[in-house]
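Per-entry structural report
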There are 2 protein chains.
Amino acid sequence: MNHIDGIKKTAMKQLEYPFAQWLERAEALKPALHRWETPAAWLVEVHPDVAAWQNAAVRRLSPLPAALARMRFRKGDVLVAEFPETAVGRLHFRLRAADNYGDSPAWLRLTPAELPAELLHRDDAYTGVLNPAWLPEEIIHVDDLPCEVRLPRRYSCRYLRIEVLGSPGEIIFSEISITSESSLPEALPASPPELPPQEREIDRICLRTIRNCMQTVREDGAKRDRRLWIGDLRIANLLVHCTNHRYDLIERALYLLAGTATDGDILGCAFERPTPRAGCRMHDYALLFSAVLEEYSRFTDHATGVGHALFGIAAEQFHRAAQRWFVGDLARIPAGSWDFFIDHDSRLEKDAAFQALAVFSLQALLRLGAALGRPEEELRPLREWRDRWSAAARLHYYDPAAGVAVCHGQVSYASNAWMILAGILTPAEGQTALRKLEAMPEALRPRTPYLLFTLMEACALCGDRARLQALLLECWGGMLRRGADVCWEVYAPEEPFFSPYQDFRLNSACHVWSAGAAWFLRMGRPQQADDGRCFEKARSAAGLPETS
Amino acid sequence: MNHIDGIKKTAMKQLEYPFAQWLERAEALKPALHRWETPAAWLVEVHPDVAAWQNAAVRRLSPLPAALARMRFRKGDVLVAEFPETAVGRLHFRLRAADNYGDSPAWLRLTPAELPAELLHRDDAYTGVLNPAWLPEEIIHVDDLPCEVRLPRRYSCRYLRIEVLGSPGEIIFSEISITSESSLPEALPASPPELPPQEREIDRICLRTIRNCMQTVREDGAKRDRRLWIGDLRIANLLVHCTNHRYDLIERALYLLAGTATDGDILGCAFERPTPRAGCRMHDYALLFSAVLEEYSRFTDHATGVGHALFGIAAEQFHRAAQRWFVGDLARIPAGSWDFFIDHDSRLEKDAAFQALAVFSLQALLRLGAALGRPEEELRPLREWRDRWSAAARLHYYDPAAGVAVCHGQVSYASNAWMILAGILTPAEGQTALRKLEAMPEALRPRTPYLLFTLMEACALCGDRARLQALLLECWGGMLRRGADVCWEVYAPEEPFFSPYQDFRLNSACHVWSAGAAWFLRMGRPQQADDGRCFEKARSAAGLPETS
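Keep in mind it's a predicted model, so treat the numbers as computed, not measured.

Details of the overall build of chain A
- For chain A, the count of helices and strands is 17 helices and 16 strands.
- Here the C-alpha radius of gyration of chain A, 25 Å, is about what a compact globule of 548 residues would show, namely 24 Å.
- By principal-axis analysis of the C-alpha atoms, chain A measures approximately 80 × 50 × 45 Å.
- Per-residue burial over chain A gives 64% buried out of 548 residues.
- Of the contacts made within chain A by residues no fewer than 6 positions apart, 77% connect residues no fewer than 24 positions apart.
- On chain A, roughly 19800 Å² of surface is accessible, and the fraction owed to carbon and sulfur atoms is 52%.
- Averaging the locations of the 64 positively and 71 negatively charged side chains of chain A gives two centres separated by 1 Å.

So this is what it looks like as structure tokens:
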């Protein structure tokens, strides 16, 4: 079946949905931004060091702002400033001529960086597959000294390198700072008080990541690609629920995604700017929309009406998926398609994971339908698909002898995690599968913290707390040891320069889908918020077994 | 005599002058700017061509905006747009993604250029002695497509090269335009109707140059160095008088220069921005201030009071000059000093020209003093200096046998032009000197249109209209033949890449001091304005002989 034809054939129902109204709801939910100053804290030097992450270490030379007052810069000179934490916002500084004469402009190359290696490799030939315009760098002229320079674009950075390309004699920099911005306030929420030190630190970097990415939409990463992706949104929703309770940002995202649906298809992502508009297709994400909708709706006690408003279009995605991707009761992803995510791994056989994800999302939507009292005729096809797809997946992909799910001969954590999470394997089978996988070096491991999150959810669902904790310490503990103060989009300890975009400088260092540890750190722990043991509560609301 | 000590010794009187009040007057005279659109007219290609000026020719490929609608650009692509004339203002254009998707920023390198060769040599190693920040170039990111890009900085340009460094797939440019700005309106004043075609064209490029440089101050050139220099101001004052009558801009300049005087020294120039402030010293210009003040005051029938207001500080400059630079009655410029301009020529012996310029300026100031009825005790020392310096210069520098002025063994147009203009030579002697100079290939010729203007004034004063006309056609006719539509700061036909700044890309192509032809084209011709034959009138008011 040609999936493009399939898409055309199902181009229906679009006029039945109040897209414009949904976009209005999204606009009404647009948050005001908090702003605060994060002044640069140190003058530093970045130097090669094989012992450091990505072979780049930072030496702190002197504290700012004092050091700058004594320094004079002219053509060819460089300064690197370090901020006290990775900050997202607008860079600014003051500039004057040392002799107060200043007969000509200053010409500066500014390179904001999240990680030190980006600075060491700033002039490397570009090898990435994305638009190189994402590389953070500005070359500016400053006409009238003395003045305050404020860069209009927003950056995510821990470091700012300034190279003087031209100057009117000697110039003096001062007050290097970033006006941080977020829809959340500067102060991070409290961490659960009983957390041991390392987990407490992990929690802080997660919370900082969430705060930094919560802008006028919940962005995946503040550095690059400000599309609103549904996969990341699901993790963000859980994080909002267990930390800052800014549900409005999730609801805004749900309406943006629904409002920018194309021919009735919910796409994988939406753009906020310059005006809300459709992103690109990602067919697993279109189904996962239902899971986010259900979780959100439940966390907010169905109070805002978004569940009712978007139930229909969420359900519609399964009608389309059934028609487009299923041959009998088995999903067949078109060969070579980029339009199914699961993980950043082109080797991955995705049919099993995709089918399990569909079942997981259907279960969520059915729960939502039941909670909202949607009519039986609306729920019936969903229930049938869930049952048939679930049974077919178990039959086709679960190998009881090997104790793991196998997809077209390939064993992967992706297939198994989603099969477990969808309840296609029992918790006991899941626990076995997780144990077996560890003994199979050929099993494809998660490459993104997004899939890692799914795997950790699967561990939680099986009650495998030890494995969950080990994964958490391996990933987030590892990032911490390597100097992270926010959660990296990509963390492959054996491949420090791995990039899904084929140039590590494009990797985002502050990425919501990597902040999921905060959810697990709160799992089963007392909460300050009124929702008590939120993970437990969520699980029990989902009709899932207790974990402890 | 150590001239630095001299400067210190004479650091007096500063508190007697109402500097703040002068700056207030300047501010009150700040003009509003006219703005109009100058859309790009052609898509062009710049290519090497030994027959073209600076070996760079422009081939017009297709008219804009139509051509752009069909074109798609991606990383590595380049477009060069040509504007219908050299324009000064803010560049802008529209940009969109061809597929309307645009998932990432556009990254563009923009190179505005006044002359085609600047584009061919854009990547040459920089050899200039000025700050390279003057090279016009911007590298920008455009985050949200579709959008209108408006560059905040002002440029003077005929061409705009756009190179795509990164793009979200294919992008489309449209509406490339410059919002021109000037304190003068777009429409140029009428040229004298009887001008023959070539002179009419020369007049147009002068008028366009004046218009383009008349900003919130009368700038020397709009490309670079927006300081307000007194030498250029004198030419601008004559041009204002014979064309657009925007005397307010000259008066503003006079007050800015007086208001930013330092320790009572009028400097060679002033900065307008970020706030009015002192420029650097240029001691011939400090004296020439009196000539501008007198001419301005006379042109405006002494109506605005600026002559009275600034007479004292203008006269003060001669007291200081007498003390600092004169040994007996002969000026001795400190060896190797950069603080005396006369011309951009380090070979030039400047003592004679400087002394003659002092006499010329004293005559002007004495005329002003007489017209204003200033007290005799104020005028007496000025008159004495004029007479003594004039006589000493004639005795010391004029060689009646050779028929030319000779300064320390060197024959130059600079010495002779100023000696003639100061009346140290009679018109008949002047005419002989001008004729003799032509037969002396070793005589240093003017390198700047500023000194050329002085030379042409000297021709006019001697009634040597033929020579005046020849100089006019040689210089402006030459620029015209080489494609100029505005008047170049530097025009050395035998040295196309000559630059006083040692990198031709820094030369300004639209420079007021090169627009002086408009003054001579109106000399002795009927005027539309009420001042009749302005040059004649000016000469007669100056007590100078009739030229015809």
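Examining the environment of I313 of chain B
Residue and element names in this part refer to chain B.
- Position of I313 relative to the elements: it lies in helix α9 (residues 306–325).
- Along the primary structure I313 and A261 are separated by 52 residues, whereas in three dimensions their C-alpha atoms are 9.0 Å apart.
- When neighbours within four sequence positions are excluded, I313 is seen to be in contact with Y17, F19, W22, A258, A261, G264 and I266.

What to know about the environment of H47 of chain B
Residues and elements named next belong to chain B.
- One can find H47 in strand β2 (residues 42–48).
- Since its relative accessible area comes to 18%, H47 is described here as buried.
- For the pair H47 and V58, spaced 11 residues apart in sequence, the C-alpha to C-alpha distance is 6.4 Å.
- Contacts of H47, omitting those with residues within four sequence positions, involve N55, A56, A57, R59 and L120.
- Of the polar contacts made by the side chain of H47, one reaches the side chain of R59; its length is 3.4 Å.

Some points on the sheet that holds strand β11 (residues 269–271) of chain A
Residues and elements named next belong to chain A.
- If you trace the 3 strands from one edge of the open sheet to the other, you get β10-β11-β12, paired in antiparallel fashion. Among the strands making up the open sheet, the edge pair consists of β10 (228–229) and β12 (277–278).
- In this sheet, β12 lies alongside β11 in antiparallel orientation, the contact comprising 2 bridges. Looking across to β12, one finds that A270 is bridged to A278.

Description of the packing of helix α12 (residues 413–421) of chain B against helix α14 (residues 449–461) of chain B
All names here are of chain B.
- The contact between α12 and α14 brings their axes to 8 Å, and the two run at 45°. Taken together, α12 and α14 sit at an angle that is classed as oblique. Like other packed secondary-structure pairs, α12 and α14 cross with a definite hand, here left-handed. Where α12 approaches α14, its residues Y413, A414, A417, W418, I420 and L421 are matched on the opposing element by Y450, L451, T454, L455, E457, A458 and L461.
- Across the contact of α12 with α14, the residue classes tally to 11 nonpolar, 1 polar and 1 charged.

Focus on the interface of chain A and chain B
- On the side of chain B, 37 residues touch chain A, which itself brings 38 residues to the contact.
- The interface formed by chain A and chain B contains 6 salt bridges.
- The partner of D143 of chain A in a salt bridge is R153 of chain B, and the shortest N-O contact between them spans 2.7 Å.
- Residue assignment for the side of chain A that touches chain B shows that the elements contributing at least two residues are β5 (106–113), β6 (138–142), β8 (155–166), β11 and β12 of chain A.
- Element by element, the count of residues in the side of chain A that touches chain B is highest for β6 of chain A, at 3 residues.

Details of the pattern of salt bridges
- For the coordinates displayed, the defined rule picks out 98 salt bridges over all chains.
- Note that D220 of chain A and R218 of chain A form a salt bridge whose closest N and O atoms lie 2.5 Å from each other. Note on accessibility: D220 of chain A and R218 of chain A belong to one class, buried.
- Measuring nitrogen to oxygen at the nearest pair gives 2.9 Å for the salt bridge that ties E181 of chain B to R90 of chain B.

Things to note about the pairing of β2 of chain B
Residues and elements named next belong to chain B.
- Of the strand pairs in this sheet, β2 and strand β3 (residues 56–63) are connected by 7 bridges, and their pairing is antiparallel. Bridge pairing in β3 places E45 opposite R59.
- Pairing between β2 and strand β4 (residues 78–97): 3 bridges, direction antiparallel. Among the inter-strand pairings, V44 is bridged to a residue of β4, identified as V80.

Description of the side chain of S180 of chain B
Residue and element names in this part refer to chain B.
- Residue position: S180 is located in strand β8 (residues 171–182).
- Among the residues examined, S180 registers a relative accessible area of 3% and is labelled buried.
- Among residues more than four places away in sequence, those in contact with S180 are H34, R35, W36, T38, A87, V88 and G89.

Side note on the relation of the copies chain A and chain B
- Each copy superposes on the other: chain A lies on chain B with an RMSD of 0.1 Å after a rotation of 180° and an axial shift of 0.1 Å. When the rotation and shift are considered jointly, the pair of chain copies conforms to a two-fold rotation axis. In terms of proximity to the rotation axis, the leading residue of chain A is I139 of chain A, whose C-alpha is 3.0 Å off the axis.
- The overlap is high: 97% of the interface residues of chain A also sit at the interface in chain B, so the same surface is used on both sides.

Focus on the domain arrangement of chain A
- You can read the domains of chain A as domain 1 (3–30 + 227–463 + 516–541) and domain 2 (34–182).
- If you average the C-alpha positions of domain 1 of chain A and of domain 2 of chain A, the two centres end up 41 Å apart.

Focus: the sheet that holds strand β10 (residues 269–271) of chain B
Residues and elements named next belong to chain B.
- Pairing within the open sheet is antiparallel, and its 3 strands lie in the order β9-β10-β11. Where the open sheet ends on each side, the last strands, each with one partner, are β9 (228–229) and β11 (277–278).
- As judged from the 2 bridges shared by β9 and β10, these two strands associate in the antiparallel manner. Across the sheet, L228 pairs through a bridge with A270, a residue of β10.

Observations regarding the packing of aromatic side chains
Residue and element names in this part refer to chain B.
- For the structure on display, the rule yields 46 aromatic pairs over all chains.
- Stacked on the ring of F271, the Lys or Arg R277 has its end atom at 4.0 Å from the ring centre.
- In this arrangement the basic side chain of R445 is found over the ring face of Y413, its NZ or CZ atom lying 4.9 Å from the centre.

Some remarks on the confidence of the model for chain A
Residue and element names in this part refer to chain A.
- Residues of chain A with pLDDT of at least 70 account for 93%, and the chain-wide mean is 92.
- Low pLDDT, under 50, characterises residues 1–14; the stretch is placed with 25 contacts to residues that sit more than four places away or in other chains.
- Low confidence marks residues 525–548, where pLDDT is under 50. Its contacts with residues over four positions away, or in another chain, come to 50 contacts.

The rules we used
Residues numbered from 1 in each chain as written. Chains lettered and ligands numbered in written order. Predicted model: local features only at pLDDT ≥ 70, side-chain atom pairs only at ≥ 80, totals over all residues. Heavy atoms only, no water. Helix = DSSP H or I, 4+ residues; strand = E, 2+ residues; numbered from the N terminus. Rg over C-alpha atoms; globule rule 2.2 N^0.38 Å. Buried < 20%, exposed > 50% of the residue type's maximum accessible area, 1.4 Å probe, protein only. Contact = heavy atoms within 4.5 Å. Areas by Shrake-Rupley, 256 points an atom, 1.4 Å probe, with all protein chains shown as cover. Lys, Arg positive; Asp, Glu negative; His and termini not counted. Charge placed at Lys NZ, Arg CZ, Asp CG, Glu CD. Polar contact = N/O pair within 3.5 Å; in protein donor to acceptor, adjacent residues only side chain to side chain. Pairing = 2+ DSSP bridges. Axes fitted to C-alpha atoms, helices over the stretch in contact; angles between N-to-C directions. Parallel < 35°, antiparallel > 145°, perpendicular 65-115°, else oblique. Left-handed = near helix turned anticlockwise from the far one by under 90°. Nonpolar A, V, L, I, M, F, W, Y, C, P; charged D, E, K, R; others polar. Salt bridge = Lys/Arg side-chain N within 4 Å of Asp/Glu carboxyl O. Least-squares fit on C-alpha atoms with pLDDT ≥ 70 in both. Domains from an automatic or database assignment. Phe/Tyr/Trp six-rings, centres within 6.5 Å; stacked < 30°, edge-to-face > 60°. Lys NZ or Arg CZ within 6 Å of the ring centre and 35° of its normal. pLDDT = per-residue confidence, 0-100.

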